[in-house]
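Chain residues, written in single-letter form:
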Amino acid sequence: MVYAVIMAGGSGTRFWPASRKQSPKQLLSIAGKQTLLEAAVARLDNLVACTDTLIVTSHSLVATVRDLLPDLPPAAILGEPAKRDTTACIALAAGLLNQRDPNATMLVMPADHLIEPLEEFQHAIKQGIALVTEDPSRLVTLGIKPTYAAESFGYIRRGN
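Residues numbered from 1 in each chain as written. Predicted model: local features only at pLDDT ≥ 70, side-chain atom pairs only at ≥ 80, totals over all residues. Heavy atoms only, no water.

1. Description of helix α1 (residues 36–43)
Formally: A simple rule labels every residue: compare its accessible area, found with a 1.4 Å probe on the protein chains alone, to the largest value its type can have, and call it buried under 20%, exposed over 50%, or partly exposed in between. A run of H or I in DSSP becomes a helix once it reaches four residues, and a run of E becomes a strand once it reaches two; helices and strands are each numbered from the N terminus. Any two residues having at least one pair of non-hydrogen atoms within 4.5 Å are treated as being in contact.
Of all eight residues that make up α1, six are buried, and the element is covered over most of its length. If you check which residues of α1 are buried, you get Leu 36, Leu 37, Ala 39, Ala 40, Val 41 and Arg 43. Buried residues along α1 sit against β1 (2–8), β2 (53–58), α2 (62–68), β4 (105–110) and α4 (118–134).

What follows is the structure, encoded as structure tokens:
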């Protein structure tokens, strides 16, 4: 089964002064009426059920995220007790999903991205899921071709 993990931590410093500790970037409506987090969940429509989606956020934002996403079960919103960045977030979700379903395929995505067009994103996700289903030892990473050097984001070296 495919599960989605949406990383929605954030400390509210990247879009200052619009973002703050209690309203980080993923909780802002930057491009349209939806917040970036709502848009991330909506991108999963027809790909992953709400019951198979986990939102990992800071402990202080759990209530806000629950109010923002009432269709998700309360247990789907995980509050990290301390900020430990991407690796710890993914490890926490992977551990929980492994207990739930040892054969889970995990789709991990950030909550603060604007991704368009939706159809192309969903097509790419479906292709990635098919590759992992064919060979569960695979790790599929989606990225964009950089237009400038940005060491803070890292780079992906394409494999076979």
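2. Examining the pattern of salt bridges
Heads up, the rule is: For this analysis, a salt bridge means a side-chain nitrogen from Lys or Arg found within 4 Å of a carboxyl oxygen belonging to Asp or Glu.
In total, this model carries four salt bridges according to the counting rule given. Of the charged contacts, one joins Asp 85 and Lys 83 as a salt bridge, the two residues approaching to 3.3 Å between their closest N and O atoms. With a relative accessible area of 53%, Lys 83 lands in the exposed category. The closest approach of N and O atoms between Glu 134 and Arg 138, which form a salt bridge, is 3.2 Å. For Arg 138, a relative accessible area of 34% gives the class partly exposed.

3. Some details on helix α3 (residues 85–100)
To be explicit about the condition: Working rule for helices: expected span equals 1.5 Å times residues minus one.
An ideal rise of 1.5 Å per residue puts 22 Å on 16 residues; α3 measures up with 23 Å between its terminal C-alpha atoms. Lining the buried residues of α3 we find β1, β2, β3 (77–80) and β4.

4. Here's the deal with the sheet that holds β3
The condition that has to hold: DSSP calls a pair of strands paired once it identifies at least 2 bridges connecting them. The convention used is that axes are lines fitted to C-alpha atoms, helices contributing only their stretch in contact, and that angles between N-to-C directions extend from 0 to 180 degrees.
Sheet architecture is open: four strands sit in the order β3-β2-β1-β4, paired in parallel fashion. Whereas interior strands pair on both sides, the edge strands pair on one side only; in this sheet they are β3 and β4. Each adjacent strand pair in this sheet contributes to an overall mean axis angle of 25 degrees, direction not counted. Two elements, β1 and β4, share six bridges in a ladder whose sense is parallel. If you follow Val 2 over to β4, its bridge partner there is Thr 105. With respect to the sheet, α3 is in contact with β1, β2, β3 and β4, its orientation differing from that of β1 by roughly 150 degrees.

5. Describing the side chain of Thr 53
Quick reminder of the rule: N or O atoms within 3.5 Å of each other form a polar contact, as long as, within protein, one can give a hydrogen and the other can take it, and as long as residues adjacent in sequence are counted only when both atoms are side-chain atoms.
With respect to the element layout, Thr 53 can be found in strand β2. Residue Thr 53 is classed as buried on the basis of its relative accessible area of 2%. A distance of 3.0 Å separates a polar side-chain atom of Thr 53 from the backbone oxygen of Ala 49. If near-sequence neighbours (up to four positions away) are discounted, Thr 53 is found in contact with Ala 4, Ile 6, Leu 44, Val 48, Leu 72 and Ala 76.

As far as function goes, none of this settles anything; it's purely spatial.
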